[in-house]
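Geometric and topological summary
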Protein chains: 2
Amino acid sequence: MGTVTPSPWKQLLLSAIESNSHLKHSYFVQFATIGSNGRPSNRSVVFRGFEENSDRIQINTDFGTLKIEELNHCPFAEICWYFTDSWEQFRINGRVDVIDGSNPNPAKLQQREKLWFASSIKSRLQYLGPNPGLPCLSEQSPAEFFLDPSSGPVATFCLLVLEPDQVDYLNLKSNQRIVSTLSRSANGEMCWNSEMINP
Amino acid sequence: MGTVTPSPWKQLLLSAIESNSHLKHSYFVQFATIGSNGRPSNRSVVFRGFEENSDRIQINTDFGTLKIEELNHCPFAEICWYFTDSWEQFRINGRVDVIDGSNPNPAKLQQREKLWFASSIKSRLQYLGPNPGLPCLSEQSPAEFFLDPSSGPVATFCLLVLEPDQVDYLNLKSNQRIVSTLSRSANGEMCWNSEMINP
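Throughout what follows, the structure given in this document is the object of discussion. What you see is a predicted model; the values in this text were computed from it and never measured.

**So, the relation of the copies chain B and chain A**
If you rotate chain B by 180° and push it 0.0 Å along the axis, it lands on chain A with an RMSD of 0.0 Å. Such a turn and shift between the copies fits a two-fold axis.

Put into structure tokens, the structure is as follows:
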């Protein structure tokens, strides 16, 4: 699904990222999914940029985390991204594509590889550690593993790509709220509609 | 449901609040629910303290927000609370009690009133504004409303009380993760069990 009209929220988001970029934590976003028990599930993840020439948001994760199981069950997520310096919030809802090493699409595998090499060695080492979420059995830390910087993604490395179809923007300084929704127009094209709503 | 054993996570959380209290945004938490469309829903809310002598987390909200409808449909939420200075994350899952002015329980109504008076006049004025989430029809701002500081909660003021039954703590500095779960022991008492798991 490619968007035809430019998304009205992306420029707002790029500006917020830019104006908060001096804060390391401004790349941390809260990623909500639906747990296997039917309850909401919510955790911080790191924004890894947009896929080129698109609105799609990239996140790296370990294939062993619960969110993979949750996304296989219900492929929707909502990101809540609050910028602590500019007091702006983006709620970004959409479908998530889970791309692991077994993906049949060569372009997606290539994108996964690109994100792997874009990660720091320290980040990559985390994928060599023990299975996340399982009881702690050893004291072994990821720093004890060795990784060849030129080797490609390990099996546990997984790319999540969220394709937004609704973005709710709130500015707590100006008290403005704008909701943008992607929908199919009469001529069959996908387009974004924005509306100012009460905060 | 009263917890009998002290909760192992509460002291960690109180310490994190204390050590990050110089940051205004450290009271902002991300509150995930399940939307009426079955998708996850996620937004920032303000932590308004614990209910006295309990683990229950208090949040104020407008009765007209979508989260009320969502909680009526599925009463569970997960808070993701990331502390930007100490690099600690708490994922707090539990059932949410929605307390509005029509609640039949006098103690709960009293608690709602207490939270109302604990809010700043500026916060209270927000409950007089136009219905949140509806299209913006006027330019009227909450500052144009008048509110007698001694009058009790308005009809739209709603208290949410989350009763945690699972808390997932992650410390990104020490790379430690502890999951605490509330469960019923053999003698029928509710008690917290904690386990160190892989981050």
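Back to the text.
**Here we look at the pairing of strand β6 (residues 157-171) of chain A**
Walk down a regular strand and you will see the side chains alternate between the two sheet faces. Residue and element names in this part refer to chain A. With respect to burial, β6 is a largely interior element, 14 of its 15 residues being buried. By the bridge criterion, six bridges tie strand β3 (residues 57-62) to β6 in an arrangement that is antiparallel. By the bridge assignment for β6, Asn-60 is matched with Leu-159. For strand β5 (residues 88-99) and β6, the ladder comprises twelve bridges, and the chain directions are antiparallel. Within β6, the residue paired with Gln-89 across the bridge is Leu-170. By the bridge criterion, six bridges tie β6 to strand β7 (residues 176-184) in an arrangement that is antiparallel. The residue of β7 that forms the bridge with Val-167 is Ser-180. Connecting β6 to the antiparallel partner β7 that follows it, the hairpin turn spans four residues, and Asn-175 within it adopts a positive phi of roughly 60°.

**Details of the environment of B:Gln89**
For B:Gln89, the position within the fold is in strand β5 (residues 88-99). Owing to a relative accessible area of 7%, B:Gln89 belongs among the buried residues under this scheme. Measuring from C-alpha to C-alpha, the distance between B:Gln89 and B:Arg177 comes to 9.3 Å, with 88 residues separating the pair along the chain. Dropping the residues within four chain positions of it, B:Gln89 is found in contact with A:Arg43, A:Ser44, B:Cys80, B:Trp81, B:Tyr82, B:Asp168, B:Tyr169 and B:Leu170. A polar contact of 2.7 Å, which involves the side chain of B:Gln89, links it to the side chain of A:Ser44.

**Details of the side chain of A:Asp62**
All names here are of chain A. Among the structural elements, Asp-62 can be located in strand β3. No salt bridge is formed by the buried Asp-62. Its closest oppositely charged neighbour is Lys-67, at 8.3 Å. A distance of 2.8 Å separates the side chain of Asp-62 from the backbone nitrogen of Gly-64, its partner in a polar contact. Setting aside residues no more than four positions away along its own chain, Asp-62 makes contact with Ile-68, Gln-126, Tyr-127, Pro-132 and Thr-156.

**Some words on unusual backbone geometry**
Residue and element names in this part refer to chain B. Backbone geometry places Trp-87, a non-glycine residue, at a positive phi of 60°. Located in the positive-phi region is Asn-175, a residue other than glycine, with phi close to 60°. Looking at where Asn-175 falls in the secondary structure, it is placed in the loop between β6 (157-171) and β7 (176-184).

**Comments concerning the packing of aromatic side chains**
Given two aromatic rings, their pairing is described by the distance between the two centres and the angle made by the two planes. Scanning the model with the defined rule gives 22 aromatic pairs over all chains in all. Ring centres of B:Phe47 and B:Trp81 lie 4.7 Å apart, and the angle between their planes is 50°; this geometry places the pair in the tilted category. Taken together, the residues B:Phe47 in the loop between β2 (40-46) and β3 (57-62) and B:Trp81 in strand β4 (residues 76-83) connect sequence positions 34 residues apart. With relative accessibility at 10%, the residue B:Phe47 sits in the buried group. Note on B:Trp81: relative accessible area 1%, which makes it buried. With a centroid separation of 5.1 Å and 25° between ring planes, the pair formed by B:Trp81 and B:Phe83 is classed as stacked. Residue B:Trp81 shares its accessibility class with B:Phe83, and that shared class is buried. An aromatic cluster of three or more residues is present, and its members are A:Trp9, A:Phe47, A:Phe50, A:Trp81, A:Phe83, A:Phe90, A:Tyr169 and A:Trp192.

**Details of the pairing of strand β1 (residues 28-34) of chain B**
Residues and elements named next belong to chain B. Counted residue by residue, β1 has seven buried out of seven residues, so it is predominantly covered. By the alternation rule, side chains of β1 split into Phe-28, Gln-30, Ala-32 and Ile-34 and Val-29, Phe-31 and Thr-33, which are all buried. By the bridge criterion, seven bridges tie β1 to β2 in an arrangement that is antiparallel. Bridging across to β2, Ala-32 finds its partner in Asn-42. Hairpin connection, β1 to β2: the antiparallel pair is bridged by five residues, and Gly-38 has positive phi, about 85°. In the sheet, β1 pairs with β4 via three bridges, with the strands oriented antiparallel.

**Quick look at the interface of chain B and chain A**
Each partner contributes residues to the interface: chain B has 46 residues there, and chain A has 46 residues. Together, the buried faces of chain B and chain A total about 3,500 Å²; carbon and sulfur atoms form 56% of this surface. In terms of surface lost to chain A, no three residues of chain B exceed B:Arg39, B:Pro40 and B:Asn198, which account for 20% of the buried area on that side. Counting across the interface, chain B meets chain A through two salt bridges. Between A:Arg39 and B:Asp165 there is a salt bridge, and its shortest N-O distance comes to 3.0 Å. Counting across the chain B and chain A interface gives 25 residue pairs in polar contact (both at pLDDT 80 or more). Those elements giving two or more residues to the side of chain B that touches chain A turn out to be β1, β2, β4, β5 and β8 (190-196) of chain B. Looking at the side of chain B that touches chain A residue by residue, the class counts come to 23 nonpolar, 15 polar and eight charged.

Basis of the calculations
- Residues numbered from 1 in each chain as written.
- Chains lettered and ligands numbered in written order.
- Predicted model: local features only at pLDDT ≥ 70, side-chain atom pairs only at ≥ 80, totals over all residues.
- Heavy atoms only, no water.
- Least-squares fit on C-alpha atoms with pLDDT ≥ 70 in both.
- Buried < 20%, exposed > 50% of the residue type's maximum accessible area, 1.4 Å probe, protein only.
- Helix = DSSP H or I, 4+ residues; strand = E, 2+ residues; numbered from the N terminus.
- Pairing = 2+ DSSP bridges.
- Contact = heavy atoms within 4.5 Å.
- Polar contact = N/O pair within 3.5 Å; in protein donor to acceptor, adjacent residues only side chain to side chain.
- Lys, Arg positive; Asp, Glu negative; His and termini not counted.
- Salt bridge = Lys/Arg side-chain N within 4 Å of Asp/Glu carboxyl O.
- Phe/Tyr/Trp six-rings, centres within 6.5 Å; stacked < 30°, edge-to-face > 60°.
- Buried area = accessible area lost by both parts, 1.4 Å probe.
- Nonpolar A, V, L, I, M, F, W, Y, C, P; charged D, E, K, R; others polar.

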